[in-house]
Amino acid sequence: FMYNLPCTVSNQRTHTNTKDGPIAQHSRSDERFRNNCNIHYNTFIMSEDRKVNLISSDGEKFEVPLNVAKMSTLVQNTLGEDDEDFEADINCPKVSGTILKKVVAYCTHYQEEEMQKIETPLQGDTIEEIVKPDWYADFCDVDREVLFQLVAAANFMDIKPLLDLTCLAVSVSIKGKSVQELRQIFNLPDPTPPANGAGGESDDEDEDANEEDEAME
């Protein structure tokens, strides 16, 4: 042991002091790795901190984190692929301020607690049974007119999870309604009676069926 010790120490010094030895190469490799990690980390932080302004049809402005806004395909297409140069203001001319506020709330919550995919066949008869987590069922607890506007906004902004949710809520709300009730809900006019009066009852039934199909679509 006493005879081998100087040789071992000498070899260690040789590797340590050698400019291109294994230890020096390993040190340079670690440094490159740390630099790459710092670059990716800084890029991620910059992306998280970036904001865009969503502007409603009535001029109301909502400052939204970029990752939240990008749930909308409309926003993604407007921003383009260049992450360094993008428009800070994005107009939503078909969405009012009241509805856009709810759209932003949905997309923000989705980043924190993602909505489970709506499976078919549906696993229940009510929104509460079908949609999880419960926050999303509560989100749909609004007037029917607001729900229709949310459907239109989700379709215009191309936010698929929101469109799926709101369309489901509409279909659940009209399930079991009569033809006359559907006419009132969708503001459909009453059918006009045939001029000659012949075959009126049969024709009315066919027309009722056609209007019901149109309402469901």
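Refer to the structure printed above.
None of these values were measured; they are calculated from a predicted model.

Reading the values: the criteria
- Residues numbered from 1 in each chain as written.
- Predicted model: local features only at pLDDT ≥ 70, side-chain atom pairs only at ≥ 80, totals over all residues.
- Heavy atoms only, no water.
- Helix = DSSP H or I, 4+ residues; strand = E, 2+ residues; numbered from the N terminus.
- Buried < 20%, exposed > 50% of the residue type's maximum accessible area, 1.4 Å probe, protein only.
- Contact = heavy atoms within 4.5 Å.
- Axes fitted to C-alpha atoms, helices over the stretch in contact; angles between N-to-C directions.
- Left-handed = near helix turned anticlockwise from the far one by under 90°.
- Nonpolar A, V, L, I, M, F, W, Y, C, P; charged D, E, K, R; others polar.
- Salt bridge = Lys/Arg side-chain N within 4 Å of Asp/Glu carboxyl O.
- Pairing = 2+ DSSP bridges.

## Concerning the overall build of the protein chain
When helices and strands are counted, the protein chain shows eleven helices and three strands. Ordering the α and β elements of the protein chain from the N terminus gives α-α-β-β-α-α-β-α-α-α-α-α-α-α. Taken across its 217 residues, the protein chain has 27% of its residues classed as buried. Across the protein chain, the fraction of contacts at a sequence separation of at least 24, relative to all contacts at a separation of at least 6, is 58%.

## A closer look at the packing of helix 8 (residues 144-157) against helix 9 (residues 160-174)
Look at helix 8 against helix 9: their axes get within 9 Å of each other, and the N-to-C directions meet at 150 degrees. Seen from above, helix 8 lies across helix 9 with left-handed handedness. Here Arg144, Leu147, Phe148, Leu150, Val151, Ala154 and Asn155 of helix 8 lie close against helix 9, whose contacting residues are Leu162, Leu163, Thr166, Cys167, Ala169, Val170 and Ser173. Along the lines of polarity and charge, the residues of the contact of helix 8 with helix 9 split into ten nonpolar, three polar and one charged.

## Topic: the pattern of salt bridges
Under the counting rule described, the total for this entry stands at three salt bridges. In this structure, the salt-bridge partner of Asp134 is Lys132, at a minimum N-O distance of 3.3 Å. Note on Asp134: relative accessible area 48%, which makes it partly exposed. Residues Lys160 and Asp164 are paired through a salt bridge, measuring 2.8 Å at the closest nitrogen-oxygen approach. Note that Lys160 and Asp164 are positioned in helix 9 at a spacing of four residues, about one turn of the helix.

## As for the pairing of strand 1 (residues 51-55)
The element strand 1 is largely enclosed, with a buried count of four among its five residues. For strand 1 and strand 2 (residues 61-65), the ladder comprises five bridges, and the chain directions are antiparallel. Residue pairing across strands places Val52 opposite Val64, the latter belonging to strand 2. Here strand 1 runs beside strand 3 (residues 89-91); their pairing, made up of three bridges, is parallel. Of the residues in strand 3, the one forming a bridge with Asn53 is Asp89.

Shape descriptors only; they carry no functional weight alone.
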